[in-house]
Amino acid sequence: MTLWRNWAGTVTASPREVVHAGTVDAVAAAVTRAASAGLTVRVAGSGHSFTPLVATDGLLLHVDELSGVTAVDRERGRVRVLGGTPLHVLNPALQRLGLALPNLGDIDRQTISGAIATGTHGTGMRRQGIASAVCGLTLVLADGSTLTCSVEVDPEVFAAARVGLGALGVVVEVELQCVPAFRLHAKESAQALSRLLPRLQAEVDGHDHVDVLWFPHTDRVSVKRNDVVGAHEGPGPLTPWRARLDDELLANGVFEATNRLAAALPASVPVVNEVAARLLGAREFADDSWRVFCSSRRVRFVESEYAVPRASVGAVIGELRSWFERTRAPVPFPVELRFVGADDVWLSTAFERDSGYVAVHQYHRMDPAPLFAAFEAIVAEHAGRPHWGKVHTLGAQRLRDLYPRFEPFRAVRERLDPGRVFTNAHVRHLLGD
Ligand SMILES: Cc1cc2nc3c(=O)[nH]c(=O)nc-3n(C[C@H](O)[C@H](O)[C@H](O)COP(=O)(O)OP(=O)(O)OC[C@H]3O[C@@H](n4cnc5c(N)ncnc54)[C@H](O)[C@@H]3O)c2cc1C
C-alpha cells in the first residue's frame, strides 16, 4: 500500500513504518529502533522534491511536529528554528521579529530542513541559496546521539550537512543568519527573448533579483526584476483583487486550462504558449520580501533544473531553442532562468561558482522524457550541476567531477553514518554506495 507520495505525484513509497516525531528524543528513539531492526531511515519534509530522495521501504520519519522558532539573538540577527518548520510559518515569524531570510525560492511550502538539504535557491547574483543563511545545525545521528556544528564547531560536518541530502542524519534544529526585514520593488514586463539575451548579464548585474520565464516556441519572455527599497519607498502592494486575478486565476486557473488544452491537443502548444505569454502582462508593486518572492503553484508539473556557469546561460538557451525548433516538442510550461552568487557549501549547486540556473518543466499529464533527456545532454556540455531535488539521471561517477568536495562529503558520511542507516536506492546512486 502506498503511504507516501511527493507533491508532483511522480514518486511513491510504501515504508515499513511511519513515525511522526514531535521531540528530539522521539527522533533519536525512532532512529535507533529502526537501525537496530535493520531498517533504513529517510526523513520527509513537505515532499516537494521531484527526485526519489525521500522514498523508502524502511522507516519514514516525519518531523512536521518539530516546528517553530526556539531562540532569537536580536543583536546578531540570528534565530534557531526546529527542523520541520515550513517556510510559510518561518517567514511571517521572522517578519514579526523584524527579520527576514536574505533570499527565497518561488514557493514557501518546503520545510527549512528539506529546502536546505537539496540546495533550494531563489535568484540574485549578490545573494546565495537558502543553505548559505545557515550558521549552525543540530543533527540526530544514526546511533541516536546529537551533534551540533557550525563554522567554529566541527566545520567539516557543517560544510557537508547544510546541503546534506538527508544522508548524514536528521536535522532537528537550524540556526539562521537573517537580515533586517526588507521590502522589494517588483517590476514585471514582457520582452522579446532575442532582445533580452544579448544584455542578459547586464540585466542580472543591474538588479537584486532577476527571474526570466521563456515560453518555448515563442520569442516571448516575462522578466521579473525585484530590487530592495526602503520601508516606505516604491508603490504599494498589489490590491487584493489584482493579487487574486494574477495568482489564483492567471497563474493557476487559466494556466491549468491552457495546460489541459495542450495535453489534449499537443499541436496547439505554440499558439497556447503565445497566449499564455501574453497573459503575463506588466505589473509593478512593492511588498515585504517574502511576499514578493513566494507565490502559490497549484498547476502540477515535473521539473529538471541545472546550474551552469552564469556566462553559459545564453548558449544553453540557444541550444534549447534549436532543439524546440527541430523537434516541435509540445511543452506548455515556461523555461525559467535564475542567477545566484557562488557559495562555500560543499554540495551546493553554486559551490565556488557564480551560477545561472536553467529549469525546464513539463505539465504532469504530458511526457517529460524527451525534454529532460535533450536538456540533460545540453547542460552536460556546460558542466551543469543538477538540482538535487529536481529530475536528473547523474550518479556518483559524474557528480565526483562536478563537485570538488564530493570525496570529503563522502568521508563525513562515512564518519557519521558508517552503517548507512540514512540511505535508499537513489542516495546510493548519487553517492556511490
Ligand atoms: C512547486 C515547487 C516549487 C519549487 N520551487 C523551488 C525554487 O524556487 N527553488 C528551488 O531551488 N527549488 C524549488 N523547488 C524544489 C524544492 O525546494 C526542493 O525539492 C526541496 O528540497 C523541497 O523541500 P521539502 O521540505 O518538500 O523536502 P522533501 O522534498 O520532503 O525532502 C527533500 C530532502 O530533504 C531531506 N530532509 C527533509 N527534512 C529533513 C530533516 N529534518 N533532516 C534531514 N533531512 C531532511 C529529505 O530526506 C530529502 O532528502 C520547488 C518544488 C516544487 C514542487
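In this text the structure is predicted, and so the values were computed from the model without any measurement.

Novice: An account of the overall build of the protein is requested, with residue identities and associated values reported.
Specialist: When helices and strands are tallied, the protein shows 14 helices and 20 strands. A compact globule built from 433 residues would reach a C-alpha radius of gyration of about 22 Å, and the protein, at 21 Å, matches this within 12%. With the principal axes as the frame, the protein shows a C-alpha extent of 60 × 50 × 40 Å. For the protein, the residues scored as buried account for 57% of the 433 residues in total. Long-range pairs, those at least 24 residues apart, make up 74% of the contacts in the protein between residues at least 6 apart in sequence.

Novice: Describe the environment of Phe406, and please don't skip the residues or the numbers.
Specialist: Tracing the sequence through the fold places Phe406 in helix α13 (residues 406-416). The spatial distance from the C-alpha of Phe406 to the C-alpha of Arg291 is 35 Å, given a sequence separation of 115 residues. Those residues in contact with Phe406 that lie beyond four places of it in its chain are Leu347, Ala396, Leu399, Arg400, Leu430 and Leu431.

Novice: Residue-level account of the domain arrangement of the protein, with values.
Specialist: Entries for the protein in the domain assignment read domain 1 (69-180) and domain 2 (183-386). Domain 1 and domain 2 are separated by 25 Å when their C-alpha centres are compared. Contacts between the two partners involve 27 residues from domain 1 and, on the opposite side, 33 residues from domain 2. Across the interface of domain 1 and domain 2, roughly 2,700 Å² is buried in total on both sides, 55% from carbon and sulfur atoms. Taken together, domain 1 and domain 2 are joined by four salt bridges. Our enumeration of links across domain 1 and domain 2 arrives at 14 residue pairs in polar contact (both at pLDDT 80 or more). Residue classes in the side of domain 1 that touches domain 2 are distributed as ten nonpolar, eleven polar and six charged.

Novice: Summarise the sheet that holds strand β17 (residues 301-309); cite the residues concerned and give the values.
Specialist: Read from one edge of the open sheet, eight strands run β16-β13-β15-β14-β18-β19-β17-β20, paired in antiparallel fashion. Lying at the two open borders of the sheet, with one neighbouring strand each, are β16 (283-288) and β20 (385-386). Pairing of β17 with strand β19 (residues 355-363) involves nine bridges; the strand directions are antiparallel. In the strand pairing of β19, Ser304 is matched with Val360. Along the sheet face, helix α11 (residues 369-380) touches β17 and β19 and points at about 5° away from the line of β17.

What counts and what doesn't
- Residues numbered from 1 in each chain as written.
- Predicted model: local features only at pLDDT ≥ 70, side-chain atom pairs only at ≥ 80, totals over all residues.
- Heavy atoms only, no water.
- Helix = DSSP H or I, 4+ residues; strand = E, 2+ residues; numbered from the N terminus.
- Rg over C-alpha atoms; globule rule 2.2 N^0.38 Å.
- Buried < 20%, exposed > 50% of the residue type's maximum accessible area, 1.4 Å probe, protein only.
- Contact = heavy atoms within 4.5 Å.
- Domains from an automatic or database assignment.
- Buried area = accessible area lost by both parts, 1.4 Å probe.
- Salt bridge = Lys/Arg side-chain N within 4 Å of Asp/Glu carboxyl O.
- Polar contact = N/O pair within 3.5 Å; in protein donor to acceptor, adjacent residues only side chain to side chain.
- Nonpolar A, V, L, I, M, F, W, Y, C, P; charged D, E, K, R; others polar.
- Pairing = 2+ DSSP bridges.
- Axes fitted to C-alpha atoms, helices over the stretch in contact; angles between N-to-C directions.

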